[in-house]
Amino acid sequence: SLHWYRSPLAHTAPTVDGTSQQRVQAPLVAFDDDGRPGWVSATVALRPGLVVRRSVVVVGDYLIDRLEWEGETAHELTLPLHGVDIVDERGEPLRRAPATLAGGDEAEDGFGHLRETRRVDAPTGPVALLRGTHDEHIAGGLRGWVSVPDGARWESALAPDVPSRPGVAPILLLRATARRGQFVGVWSWRGSVANVEMTDDDVVVVLADDAHAEHGRSDTGWIIDRMRVGERERIVLGGMAD
């Protein structure tokens, strides 16, 4: 079981072409946390000619997780998501059918530990809706909005649970093949987010109190424009590494 817990699939971390990450350093791009919204961003060359960047922005009771990649050639990136299920607009799980999931067969690729593997019949669209599978432990429930690149597919399986809970737990896999692309997730755990709109560059978070926040990256960091009737606030997160 130690091989599973060393795999990227066990840690909501990406695999490349179905195989585990190489053990290399990930240089810090930015870090800013002074008690208000904060963020951290880092890059790593997961393969020769393939650079992956991950940025996490935390804003009170929601966060944005952006995983980007750019390569000299096309690669398949797989992002595992634990403790959530993909649902329709009514909150009902989507249909799925048994399927064999492609992936490496080395001990720490992780795919050999997956059981009851299935292909999810997910509709095409720029954003998928997700909900937590352990909402009884989270006030307001866990809700997610995840960008879906063109040609991406969803798969599901059962995987070993955390070490303190023997048994298995559901896992989702979002997979896309491209020379460059990104997965963007917005996660809310107190019911403060009503909806999310995404473009290639920006994320608009519509809040339950009728306010909204526009998020985007700039050359100097991350910019948040919060707006409600008659009010506008701009927050600039910096901390760029030299």
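See the structure printed just above.
Everything numeric here is computed off the predicted structure, so don't read it as measured data.

### Quick notes on the pattern of salt bridges
All told, the structure shown has 20 salt bridges when counted by the stated rule. Where Glu70 meets Arg179, a salt bridge forms, and the shortest distance between an N and an O atom there is 3.9 Å. Note that Glu70 is positioned in strand 5 (residues 62-82) and Arg179 in strand 12 (residues 168-188), a separation of 109 residues in sequence. Exposure remark for Glu70: the relative accessible area of 40% places this residue in the partly exposed category. For Arg179, a relative accessible area of 39% corresponds to the partly exposed category. A salt bridge links Glu155 to Arg175, with the shortest nitrogen-to-oxygen separation between them at 2.9 Å. Taken together, the residues Glu155 in strand 11 (residues 153-160) and Arg175 in strand 12 connect sequence positions 20 residues apart. Classification of Glu155 as buried rests on a relative accessible area of 6%. The exposure class of Arg175 is buried, given its relative accessible area of 0%. Linked by salt bridges that have partners in common, Glu76, Arg153, Glu155 and Arg175 make up one network.

Calculation notes
- Each chain carries its own residue numbering, running from 1 in the direction its sequence is written.
- Per-residue local features of the predicted model are confined to residues with pLDDT of at least 70, and side-chain atom pairs are confined, for both listing and counting, to 80 or more; whole-chain, interface and lining totals are unaffected and use all residues.
- Heavy atoms from the whole structure form the basis of all side-chain values; hydrogens and water molecules are not counted.
- A carboxyl oxygen of Asp or Glu within 4 Å of a side-chain nitrogen of Lys or Arg is what we treat as a salt bridge.
- Helix and strand labels come from DSSP, where a helix needs a run of H or I of at least four residues and a strand needs a run of E of at least two; each type is numbered from the N terminus.
- Using a 1.4 Å probe on the protein chains alone, a residue whose accessible area is under 20% of its type maximum counts as buried, one over 50% counts as exposed, and one in between counts as partly exposed.

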